[in-house]
Amino acid sequence: MARLAGRRAVTAVPVLLVVTFGVFAIAAASPFDPVKAYAGSAALGADQETLERLRANLGAGEPFAERWWHWLTSALTGDLGQSSVMRQPVAEVIGERLVWSTLLCAIAFAAAVLVGTLLGVLAARRPGSWTDRAVTSLAYVLEAAPVFWIALLAVWLFALQWGVLPAGGLTDTGSEHVTAGQVASHLVLPAGVLALSQVPWFALYVRQGVADALAEDPVRGARARGLDERTVLLGHALRSGLLPVLTLIGSRVPELITGALLVESVFSWPGIAAATVEAATAVDFPLLAALTTLATAAVLAGNLLADLLYGLIDPRVNLSEM
């Protein structure tokens, strides 16, 4: 296991280098002007000399390759640079927001796995039944629905029509302190919507995996020996049917991150979504590179986690050969 993690860490280095270099190259080709974004409305009345001086102070006049190298060498020493749009160090920008994004994604992902597994098992017990058809139909509908549309629908229904849940934010309006109760109530809608966008994939994968496992000879043999259906389903079919789901965990991380950005924007959740949008529109090179590196590292970690879980659960897989 340690050798696999070490090899993946080594191969992650060139991936992160290429990704960060690509961020600087794409940002350099962007039509947005970082100087005007930094100056705001003051840029409208500023003369060209003032703008050029500000451009030099921000380092926006340097070639993007030079800016990338300067950022990279500084990042290796722990200095992620200064965010021009947030007017604070990049490390502080990420530190203030990462905990809330992590909380949202962790709860949503755990809920999606649990609910998707439950629905998949219920559908696989009797293929072709009304339960199977209802679960698969619902999964295909949710799979096709954009996550921002589900989020807006949830706000309209639960916040505006029924008034049972807050529409957004982290705490109640006018509150001076962040309490666990307020965070929990404000987390229900964004986490629920994000989980709902991931449930179809797990439900369909579990349904197919468990249905295939129930048709295998060992499971048929267990039934022939007189084992009750619950033992056959949970002790034999579910374990075998969950193996394909483990590979799905790693592949869903990019979609989870993208969905989290949209959900955070709709619900005004104080995560990294707002920082990402502002960094992109203002061509904030240091913040963009740091956020992209963080997202890439999360994807690589998700793939590694899926491989480790697969190797631990399936005795046929040798982790040393992966």
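Residues numbered from 1 in each chain as written. Predicted model: local features only at pLDDT ≥ 70, side-chain atom pairs only at ≥ 80, totals over all residues. Heavy atoms only, no water.

A. Representation of the packing of aromatic side chains in the model. Enumeration over the complete set of coordinates arrives at 6 aromatic pairs. When the ring of Phe21 is compared with that of Trp68, the centres are 5.1 Å apart and the planes differ by 90°; the resulting orientation is edge-to-face. Pair noted here: Phe21 is in helix α1 (residues 2-28) and Trp68 is in helix α4 (residues 64-76), with a separation of 47 residues, a long-range link. The class for Phe21 is partly exposed, based on a relative accessible area of 34%. Between Phe109 and Phe202 the ring centres are 5.7 Å apart and the planes differ by 80°, which places this aromatic pair in the edge-to-face class. (Phe/Tyr/Trp six-rings, centres within 6.5 Å; stacked < 30°, edge-to-face > 60°. Helix = DSSP H or I, 4+ residues; strand = E, 2+ residues; numbered from the N terminus. Buried < 20%, exposed > 50% of the residue type's maximum accessible area, 1.4 Å probe, protein only.)

B. Spatial organisation of helix α7 (residues 147-161). In this model α7 runs 20 Å from its N-terminal to its C-terminal C-alpha over 15 residues, within 8% of the 21 Å that 1.5 Å per residue would give. Of all the residues in α7, the buried ones are Val147, Ile150, Ala151, Ala154, Val155 and Ala159. In this fold, the buried residues of α7 make contact with α6 (130-144), α8 (180-214) and α11 (243-267). (Expected span 1.5 Å × (residues − 1). Contact = heavy atoms within 4.5 Å.)

C. Molecular detail of the packing of helix α5 (residues 90-125) against α11. Between α5 and α11, the least distance of the axes is 10 Å, while the angle of their chain directions is 125°. When the interaxial angle is binned, α5 and α11 end up oblique. Crossing angle aside, the handedness with which α5 passes α11 is right-handed. Here Ser101, Leu104, Cys105 and Phe109 of α5 come into contact with α11, specifically with Ile249, Arg252, Leu256, Ala260 and Glu264. A per-class count over the contact of α5 with α11 returns 6 nonpolar, 1 polar and 2 charged. (Axes fitted to C-alpha atoms, helices over the stretch in contact; angles between N-to-C directions. Parallel < 35°, antiparallel > 145°, perpendicular 65-115°, else oblique. Left-handed = near helix turned anticlockwise from the far one by under 90°. Nonpolar A, V, L, I, M, F, W, Y, C, P; charged D, E, K, R; others polar.)

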